[in-house]
Amino acid sequence: MQGPILILAEHLRGDIASLTFEMLGIGRKLADDMKVPLHSVIFGKDVAPLASQLGVSDSVFVLNHPQLDMPSSEVVAALLKTLFEQKNVSLVLIGGTNVSTGIGPKLSFRLNLPFVNFCRNIRVKDGLVSFTSQLFGGKILSDVRLQENRGVVSVYPGSFPIDAGKSDRKPSIEMLDLPLEETKVIFKKYLEPEAGDIDITKQDVLVSVGRGIANADNIALVNELADALGGALCASRPVIDQGWLPLSRQVGKSGMTVKPKLYLSLGVSGAPEHVEGMKDSGLIVAINTDPNAPIFGISHYGICADLFDIVPTLIEEIKTHKSE
Amino acid sequence: MDIFVFLKMVPDVVEELLIGEDGKSLDTQWLRMKLSDPDEHALEEAVILKEKYGGTVTVVAMEAPEVEEVLFTAIAKGADCAVKLPGDWAGIQAPAIAKLFASYFSLTQHQIGSETLILIGSQAIDDLEGEVAPYLAEILGAHYVGVVTGIRLDEEKKKAIVMKEFAGGLRGEFELPLPAVLGVQAAEKPPRYVPVAKVRSIMKSTRIETVDVSPSEIISGLSVERLFIPEVAGKAKMIEGPPEKVSTQIIEILVECGIIRR
Amino acid sequence: MIIEMDPVTINIFGVSGYILLWIITLIAFGLFGKRIIAFIKLLLRAHPENRFDQLGKRIRYLITFVLGQKRLLHEYVIGIAHFIIFWGFILFAGTFGWNLLKGLFPFLPIPYADEIGIIRIFFLVFSLLVLVSLVFAVIRRAFFPPPHLQQSLDAFIIITLISLVVLSTLFGIGFRAVTVGQMEASLNPADNLLYKIFLGIPIDSAQGWHHMMFWMHLLVVLGFLAYLPYSKHLHLLASPFSVFFANIDRAGSLDVPGSKNETSAGASRWDEFTWRQLFNTFACAECGRCDRVCPALTSGYELSPRMIVHHLKEHLMEAGLRSKDDKTSEGDGLSPLIGKTVSVAELWACTTCYACMERCPVFNEHIPLIVNMRRYLVAQGSVDTTLQDVLTKMSRYWNSLGQSDRVRAKWTQGLDFKIKDARKEQVEYLWFVGDYASYDPRIQNITRTTAKVFQKAGLDFGILFEGERNSGNDVRRIGEEGLFEILKEKNMQALEKAQFKMIVTTDPHTYNTLKNEYGLNGTYQIKHYTEVLDKLIQQGKLRISKRLNQTVTYHDSCYLGRYNGIYDAPRRVLKTVGTKLVEMPRNRSKSYCCGAGGGRIWMSDQPGIKERPSESRIREAVSLRGVQALVVSCPKDIVMFQDALKTTGNEEKLSVKDISDLLCEAIE
Ligand SMILES: Cc1cc2nc3c(=O)[nH]c(=O)nc-3n(C[C@H](O)[C@H](O)[C@H](O)COP(=O)(O)OP(=O)(O)OC[C@H]3O[C@@H](n4cnc5c(N)ncnc54)[C@H](O)[C@@H]3O)c2cc1C
Ligand code: SF4
Ligand code: SF4
């Protein structure tokens, strides 16, 4: 790898996406290992103030333009191509999210460079970069390499720690002046999630409660945990039956099938009807007093303990963690 | 309107996935193929659009085990024409697939114009080198939007108004002229059920067309070093200790996975 | 004085009674016949079904269920009243016909019926009995109506008419007694009694009254005859036929003649049903017995088997009677049945538990009706998402759990002996294990236990491993006929390759379809595992080493009990292992469905139901004194009841056990 690494900073409605920090973190490490500079670029309308948050990169390129409010993938791909060539970039990291879909393939097509999808890990060994992609929803991992370490990589959200991507350092900011390609793909408006209860199938973090919750009064406690994690509550059928949570929160065969990044299960035994609705979640952590509860059979991490011992401490720690 | 739906078969993850002897590909002996989920939605959306706006739906798929059944089912659901591209396409990746699909148009002399709408599942579980739709859009010079969850046409049927899913239920509305390639994430309604009897009778009464496409040499700059099964699959790693210690560990894991930030 | 006893010879308003009688009779029979012919024409235009086989059995059914009124006696109070009214009706209708014949053809060398002494005695006795029954029926209807009894004007009209028939007879023979005088009256106890009661009436006016009663009786009965086929009381006429055309010995089969395509298309218009299915509507008395036992309705689901029949009748009367002979109702602009009067939710709510059909006194067949309409929904692709998911899994992996078909026999891995592969070596018993028993982690243990018991008894058995597929029983009841056909084909292919003498199944649902729908029954015996266990015990192949001092209750699963009449084998096993069996109030053929059948286990609950059938059943079991375990013999029951134990909060009070578990404990 000769040239610098470029990160496309992702943001939505004035907020930098946490995935951007994941990319910055791993990008920094990679850049240091390979002894190349790390650049990041942010496109958008009124994005200049966001640039200062990208201090982990050596320099930040900013293109601020009213037409760049939710630009189409072809516009971004064209800009990135220009930048890639101008700055002699080797590797581009793009978020593997809905917001950025299509940019990577388009860029790789235009640059005639390979594209790596679903990247969950990046390692350097003997000057060679190896990318680990997850295939088949995580059932198989694949180690791949790029010729001359050049290409476009789509980073799978939730793969890298966020902290490493944060810094108070002020990066050098370069305002770009690139010609905008005319596009006919026009962003019209945001469509807010429909009113009514939240859609648990669309949540990244779900805290799931089962009969171990014992009674309705304890819902408040777990709700606090869900809030702290920035997620939502869902439940097994008996909890819904009791009317402690609305039917729209039921996970399982006769409820919703969910695939959040984190499924934190509290006092759920893991009956097949329940498991059917959540087994493909990214990370499953279960708390249950019964060491033989079937839920542990499909979880990534298990804690054999009373949920009422863990949850309050966990809430505290998350809060302190956040405020740190 | 001419709606084209390109379908792709992917390994069925209900079956155990094993790594082949070369360590770089799946063991085909145990592989079973099924239609990629988002492709099923793309097909559904196509049929919904046909019902709403008229036109024809053509489904095109690369040859693969069990693909005939998928194509017949597509006809049973409302597609007008099903096309198979014969060949051994095992392990083929998006850039090459897009070329194949594009060559379908040139070979059959289908005009791509302001009547053409191409729907493809937004992303497949084995899209290691990216999604097919944006590549195809690049080759055909058509406009593209991905992660689409709803499609309308404007009054002249010249523009598509599409809904794209962002996150957490937030969506955006985009407008783009035809011809367009759309990566469909979810159809407006869940894919319809077709009774077995209907598929069976279609199998007897309909024929699947074949179009011979020649594989184009694509040299990818990407090389697969190895495939492996992640170790976490199986039983949960147990975290032990007093609540404080457990909580700290949980947080570490969540931070590690980018779920919570500081 | 010569008494003119023949009422037909008199003149009424100057017209000869004889002529008048002919006119009235022709009008009444004309109206009656017109309607009946219209009905028969409708039936002829419906789909065919053979109900003319097994004539001997059909006649026996007539005797037991029409003459003997057996099913009505399930609800014995009103049953007895109905019994009396029925026999009174036979008596009155019979003698009426006789009198009419004599009236129309006076030259016949027979007397009027009431001129025969013994008949007058019957008249007196039955008149009084019927009157009492009618009073009782009115009081029940008016003040203590059972749930789901259709209240209608019709019912009161009919009761009035019957009363008039009875009263006119009673008074007729009373006046006759006065007319004939004391001498003759004293020869017959009935006359004697009536003579005394009617004594005050002068002889000459008594004769007039007697004639009047004759004519009144005649008018009422002929009026009744004309009115009958236009009212719900068509059941009086239709029910004997309905019983005669009952689905004898084929409870467990939904086989229908006709092309496969036709069958899988289902029915939503009257002429898409079979004639027997339409006949339901003629026979229904709207008594509500079916509703009263329906678990779906009881749980608060939107379903009433009675109303399904009723709505079909309305549809038939509207669309069918109005449609041209050569045209179907389509194009007549008439409303379809499904989605209009019969709701989609209602059709999916049925668990196919057979309780309604078991109870219906006229042998109406609700399940074929419901399944036929479900087929229509499936053909339209109108299935709820969870159900669609299961059907899709089933057609891909051949099991409802959506797991790989290659791991079907993975449960055998936990055994310390090898189970024979019936595809490779000959076995005596081929064990058809079933989906839940093979795949569900909660059931696999029980399946292994059953295997161990079989092994211990030295049973020569094997399984089909991956060759086995879901049997399709529930798929068929969902209405996915095409998928059922494929499943059956695949299983038949696997069975053909295997060598065995008998089939034993775990799941009663599987048992039902293998036995009744696979056409295997002639070649092989099909047994449920409880039957096999029972037999092994009786043959002394399983020695009980430990008597279990437990008090248990037993749940009869629908497909074992009501569908196939297996009630005793499991009970004998329970007795042998030393448990004390306490029956639930709803036991044997009255057993209450767990709610899983007919594909319900794969559908979501309707919102707002009162309680699930399984919960009602758990509460029933828990209410029994001293009962520690609810014993079942169906894998789906384990799933349903273990869940209901949790949702009703009864885990501490009761456990759900499979019969194999108990047996294994007792022989260890
Ligand atoms: C047809 C059908 C459809 C169904 N559909 C669904 C469905 O869609 N979704 C669904 O969820 N279920 C469904 N079920 C129900 C399912 O079978 C289970 O009954 C249900 O999932 C169990 O819920 P649970 O885990 O909350 O309760 P339980 O199984 O009772 O588990 C409670 C768990 O909490 C643990 N616990 C208790 N106290 C504590 C504590 N203080 N701290 C930590 N752990 C504790 C216990 O050890 C136990 O493992 C269905 C059932 C049927 C029959
Ligand atoms: S169907 Fe049978 S049980 Fe039901 S109301 Fe009619 S006659 Fe009574
Ligand atoms: S079969 Fe059972 S659930 Fe269905 S209508 Fe009859 S009684 Fe009700």
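Residues numbered from 1 in each chain as written. Chains lettered and ligands numbered in written order. Predicted model: local features only at pLDDT ≥ 70, side-chain atom pairs only at ≥ 80, totals over all residues. Heavy atoms only, no water.

Engineer: Help me out: how do you make sense of the site of ligand 1 in this one?
Structural biologist: Around ligand 1, 31 residues are found, and the nearest of them are Ser236, Val251, Ser254 and Ser269 of chain A together with Lys646 of chain C. Near ligand 1, residues from chains A and C are present, making the site a shared one. At 2.7 Å from an oxygen atom of ligand 1 is found a side-chain nitrogen or oxygen belonging to Asp643 of chain C. Coverage of ligand 1 by the protein chains reaches 90% of its 980 Å² of free accessible surface. At the level of secondary structure, the elements contributing two or more residues to the shell around ligand 1 comprise α5 (237-241), α6 (272-275) and α8 (307-323) of chain A together with α26 (635-647) of chain C. Considering every element that reaches the shell around ligand 1, the biggest residue donor is α26 of chain C, with 4 residues. Taken together, the residues of the shell around ligand 1 break down into 10 nonpolar, 12 polar and 9 charged. (Near = heavy atom within 4 Å. Polar contact = N/O pair within 3.5 Å; in protein donor to acceptor, adjacent residues only side chain to side chain. Areas by Shrake-Rupley, 256 points an atom, 1.4 Å probe, with all protein chains shown as cover. Helix = DSSP H or I, 4+ residues; strand = E, 2+ residues; numbered from the N terminus. Nonpolar A, V, L, I, M, F, W, Y, C, P; charged D, E, K, R; others polar.)

Engineer: What am I meant to see in the interface of chain A and chain C here?
Structural biologist: In many analyses, interface size is given as the accessible surface area lost on bringing the parts together. Opposite the 12 residues of chain A that make contact, chain C presents 18 residues. Around 1,100 Å² of area is buried between chain A and chain C when both sides are counted, 40% of it from carbon and sulfur atoms. Area buried by chain A at its contact with chain C is led by Arg211, Arg237 and Lys253 of chain A, which between them contribute 43% of it. The tally of links from chain A across to chain C stands at 6 salt bridges. Notably, a salt bridge pairs Asp643 of chain C with Arg237 of chain A, separated by 2.2 Å at the nearest N-O pair. Taken together, the connections running from chain A to chain C amount to 7 residue pairs in polar contact (both at pLDDT 80 or more). The set of elements that each furnish at least two residues to the side of chain A that touches chain C consists of α5 and α6 of chain A. Tallying contributions element by element places α5 of chain A first for the side of chain A that touches chain C, with 3 residues. Broken down by class, the residue content of the side of chain A that touches chain C amounts to 3 nonpolar, 3 polar and 6 charged. (Contact = heavy atoms within 4.5 Å. Buried area = accessible area lost by both parts, 1.4 Å probe. Salt bridge = Lys/Arg side-chain N within 4 Å of Asp/Glu carboxyl O.)

Engineer: Hey, could you run me through the domain arrangement of chain C in this one?
Structural biologist: Residues and elements named next belong to chain C. Examined at the domain level, chain C breaks down into domain 1 (7-44 + 75-230), domain 2 (244-323 + 334-380) and domain 3 (388-667). Each of domain 1 and domain 2 was reduced to a C-alpha centroid, and the two centroids are 36 Å apart. Interface area, domain 1 with domain 2, both sides summed: about 1,400 Å², of which 64% is carbon and sulfur. Its largest share of buried area at the contact with domain 2, domain 1 owes to Leu42, Leu43 and His148, together 49% of the area lost on that side. At the surface where domain 1 touches domain 2, the tally comes to 1 salt bridge. (Domains from an automatic or database assignment.)

Engineer: Would you take a moment to explain the packing of aromatic side chains for this structure?
Structural biologist: Under the definition given, this model contains 39 aromatic pairs over all chains. Here Phe52 of chain C and Phe245 of chain C contribute two aromatic rings whose centre-to-centre distance is 5.1 Å and whose plane-to-plane angle is 70°, an arrangement assigned as edge-to-face. One end of the pair, Phe52 of chain C, is in the loop between α1 (17-45) and α2 (55-67); the other, Phe245 of chain C, is in the loop between α8 (234-244) and α9 (260-265), with 193 residues separating them in the sequence. Geometry around Tyr190 of chain A places Arg13 of chain A over its ring, the cationic atom sitting 4.2 Å from the centre. Seen from the ring of Phe228 of chain B, Arg226 of chain B lies directly overhead, with NZ or CZ sitting 3.7 Å from the centre. (Phe/Tyr/Trp six-rings, centres within 6.5 Å; stacked < 30°, edge-to-face > 60°. Lys NZ or Arg CZ within 6 Å of the ring centre and 35° of its normal.)

Engineer: Would you take a moment to explain the environment of Gly578 of chain C for this structure?
Structural biologist: Residues and elements named next belong to chain C. Topologically, Gly578 is positioned in the loop between α24 (568-576) and β9 (580-581). Residue classification places Gly578 among the buried residues on the basis of a relative accessible area of 10%. A C-alpha to C-alpha distance of 58 Å links Gly578 and Phe39, two positions 539 residues apart in sequence. Setting aside residues no more than four positions away along its own chain, Gly578 makes contact with Arg547, Leu548 and Asn549. (Buried < 20%, exposed > 50% of the residue type's maximum accessible area, 1.4 Å probe, protein only.)

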